[in-house]
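This is what each chain is made of:
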Amino acid sequence: MHLSEILNQLGENRDRYFNAVSPPVIQTSNFAFSELDDFRRAMSDELAAHLYTRGNNPTVHILRQKLAALEGAEDALVFGSGVAAVSAAILAQVRSGDHIVCVRSPYSWTKSLLMNYLPRFGVEHTFVDGTDLGQIEAAIRPNTRLLYLESPNSLTFELQDLEACARLAKRYGLVSCIDNSHCSPIFQQPIRSGIDLVVHSGTKYLNGHSDVVLGVLCGSREMVKRIFETEYMTLGAILPPHDAALVLRGLRTLPLRMERIDRSTRMIVERLERHPKVERLHYPLSPSSPQYELARRQMSGAGGLFSLELRADSPERMEAFFRRLQRFLLAVSWGGHESLVLPFVGFYGIPGRPAPELPWNFVRFYIGLEDPEWLWEDLQNALEIL
Ligand SMILES: *Cc1c(COP(=O)(O)O)cnc(C)c1O
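Residues numbered from 1 in each chain as written. Predicted model: local features only at pLDDT ≥ 70, side-chain atom pairs only at ≥ 80, totals over all residues. Heavy atoms only, no water.

It is worth spelling out the sheet that holds strand β12 (residues 362–366) at this point. Pairing is mixed across the open sheet formed by five strands, whose spatial order is β8-β9-β12-β11-β10. What marks the edges here is a single partner per strand, and that holds for β8 (278–282) and β10 (329–330). As defined by bridge partners, β8 adjoins strand β9 (residues 305–310) across four bridges and the pair is classed as antiparallel. Each residue of the ladder has a partner; that of Leu-281, found in β9, is Leu-308. (Pairing = 2+ DSSP bridges. Helix = DSSP H or I, 4+ residues; strand = E, 2+ residues; numbered from the N terminus.)

Let's shift gears to the environment of Ala-92. Mapping Ala-92 onto the fold places it in the loop between α4 (82–91) and β2 (99–103). With 49 residues separating them in the primary sequence, Ala-92 and Met-43 have C-alpha atoms 23 Å apart.

Along the chain, Ser-151 connects to Pro-152 via a cis peptide bond; the corresponding omega equals -10 degrees. Here the phi dihedral of Ser-184 falls at roughly 65 degrees; this positive angle occurs in a residue that is not glycine. Summarising the element assignment, Ser-184 is placed in helix α8 (residues 184–187). The backbone of Ser-210 sits at a positive phi, close to 55 degrees, despite the residue not being glycine. Here Ser-210 is to be found in the loop between β6 (197–201) and β7 (215–219). What makes Ser-210 partly exposed here is its relative accessible area of 41%. (Buried < 20%, exposed > 50% of the residue type's maximum accessible area, 1.4 Å probe, protein only.)

This next bit is on the side chain of Thr-203. Mapped onto the secondary structure, Thr-203 falls in the loop between β6 and β7. Classification of Thr-203 by relative accessible area gives buried; the value is 13%. One polar contact links the side chain of Thr-203 to the main-chain amide nitrogen of Leu-214, over a distance of 3.0 Å. Beyond its immediate sequence surroundings of up to four residues, Thr-203 is in contact with Gly-208, Val-212, Val-213, Leu-214, Ser-333 and Trp-334. (Polar contact = N/O pair within 3.5 Å; in protein donor to acceptor, adjacent residues only side chain to side chain. Contact = heavy atoms within 4.5 Å.)

Along its sequence, the chain is carved into domain 1 (3–251) and domain 2 (254–383). Relative placement of domain 1 and domain 2: their C-alpha centres are 27 Å apart. Between domain 1 and domain 2 lies a buried interface of about 2,900 Å² when both sides are counted; carbon and sulfur atoms form 64% of it. Seen at the junction of domain 1 and domain 2, the total is one salt bridge. Here Asp-161 and Arg-297 are joined by a salt bridge, their closest N and O atoms 3.0 Å apart. On inspection of domain 1 and its partner domain 2, the count reaches 14 residue pairs in polar contact (both at pLDDT 80 or more). Contributing elements (two or more residues each) for the side of domain 1 that touches domain 2: α1 (3–8), α5 (108–117), α8 and α10 (241–252). Of the residues belonging to the side of domain 1 that touches domain 2, the class tally is 15 nonpolar, 17 polar and three charged. (Domains from an automatic or database assignment. Buried area = accessible area lost by both parts, 1.4 Å probe. Salt bridge = Lys/Arg side-chain N within 4 Å of Asp/Glu carboxyl O. Nonpolar A, V, L, I, M, F, W, Y, C, P; charged D, E, K, R; others polar.)

By size, the foremost hydrophobic cluster in this structure holds 116 residues, and its most contacted members are Ile-100, Leu-272, Phe-321, Phe-365 and Leu-379. Among the domains, domain 1 (3–251) and domain 2 (254–383) are the pair contributing at least three residues each to this core. Beyond its immediate stretch of four places on either side in the chain, Leu-272 contacts Val-278, Leu-281, Phe-306, Leu-308, Trp-376, Leu-379 and Leu-383. Leu-155, Leu-342, Phe-344 and Phe-362 belong to the second-largest nonpolar core, a separate cluster that totals five residues. (Core = buried A, V, L, I, M, F, W, Y, C linked by side-chain atoms within 4.5 Å.)

Residues in close proximity to the ligand total 13 residues, the closest being Gly-82, Val-83, Asp-179, Thr-203 and Lys-204. In this structure, an oxygen atom belonging to the ligand sits 2.9 Å away from a main-chain N or O atom of Val-83. Lys-204 places a side-chain nitrogen or oxygen 2.5 Å from an oxygen atom of the ligand. Expressed as a share of its isolated accessible area of 380 Å², the protein-covered part of the ligand is 91%. Of the residues assigned to the shell around the ligand, the class counts are five nonpolar, five polar and three charged. (Near = heavy atom within 4 Å. Areas by Shrake-Rupley, 256 points an atom, 1.4 Å probe, with all protein chains shown as cover.)

A side chain of one charge can pair with a side chain of the opposite charge when the charged atoms of the two come close. For the structure on display, the rule yields 19 salt bridges. The salt bridge involving Asp-75 is made with Arg-64; its shortest N-O contact spans 3.2 Å. Of the two residues, Asp-75 is situated in strand β1 (residues 75–79) and Arg-64 in helix α3 (residues 58–71); the sequence distance between them amounts to eleven residues. By the burial criterion, Asp-75 is buried, and Arg-64 matches it. In this structure, Arg-145 and Asp-98 form a salt bridge, with 3.5 Å as the shortest nitrogen-oxygen distance. Highlighted residues: Arg-145 in strand β4 (residues 144–150) and Asp-98 in the loop between α4 and β2, separated in sequence by 47 residues. Residue classification places Arg-145 among the partly exposed residues on the basis of a relative accessible area of 35%. Overall, Asp-98 belongs to the buried group, its relative accessible area being 7%. Each of Glu-12, Arg-14, Lys-66 and Arg-252 takes part in salt bridges that share partners, so that together they form one network.

Written out as structure tokens, the structure reads:
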């Protein structure tokens, strides 16, 4: 299906709502029936019917159809956060006594789920270097059920070879799942590489305006139905209809935003690569990246994230650098319109925060929708203080 058809037509039965161009926000919890038989039918298939908004809401349903099509999946569910989608995808695969193989640096709260939460229910895990297929295979045990990937991750951008991982998972009878937030379906569609389940923090690029928190899970009709009937309906982390309408609006410009962000980021990264204050640059589509060939093969773009290790004499200098930046906001969540900077100096050991093991001169940037020359001016000016 053409991207334009997905974003402008799919799921939008406009003749059912006065030919309105924008879908209505069906702000209702409950749906009523005039026929007893219809009511009974809806009760027996809540995923397809409109019975109650914790199950299926028409505004949310339009969004689900578009997201599934964007990922080339048969069906999709949306959740009240990315973490809710990740948790549902993982919990659905395991029971007590099972084991998960997971890449070593997934999103921090995904890591926390595996390390701090699932052991309470007797579910074990092994973290592996996902850049090494041999390590992944060596970690698989008879009780392994799930291979969990994140390619690239959002700090150091390590990749996994998706086709090879999908083949490996099939060979050992594991479900494969990937967090695809970093690339968005515009730059990478893992289901086409044979991965079973794709999850997203839709908070990032999919909504793209920093005003909604949501999660997405895509997969086969059968897998999505099973997750709907278990984790989705029992844990209840739904996306409200009004938020779904905002995300539908955000999606209209997804390809435009991704293209702009990707282009601006490449421009800034190319300049930084030659900058004397940059000791090391982490960006998957830079020719100096150790996984450049793989990145080129499986990603058509890299989005707005990159990290730097800067040549700074001291942590104090790094702090001065952050204070000098005027046009990058100090904030965690990326994928919106606004460019960001995430410092690591002085951010270790905050209780309750899973701390990544990164040096103090490490910094992550996110390039948003602003004029890249305007951003470069600011960056260049701040680098001078180092
Ligand atoms: C932000 C993020 C999440 C969590 O999503 P929320 O919407 O904040 O719950 C999961 N994975 C990745 C890669 C993320 O960046």
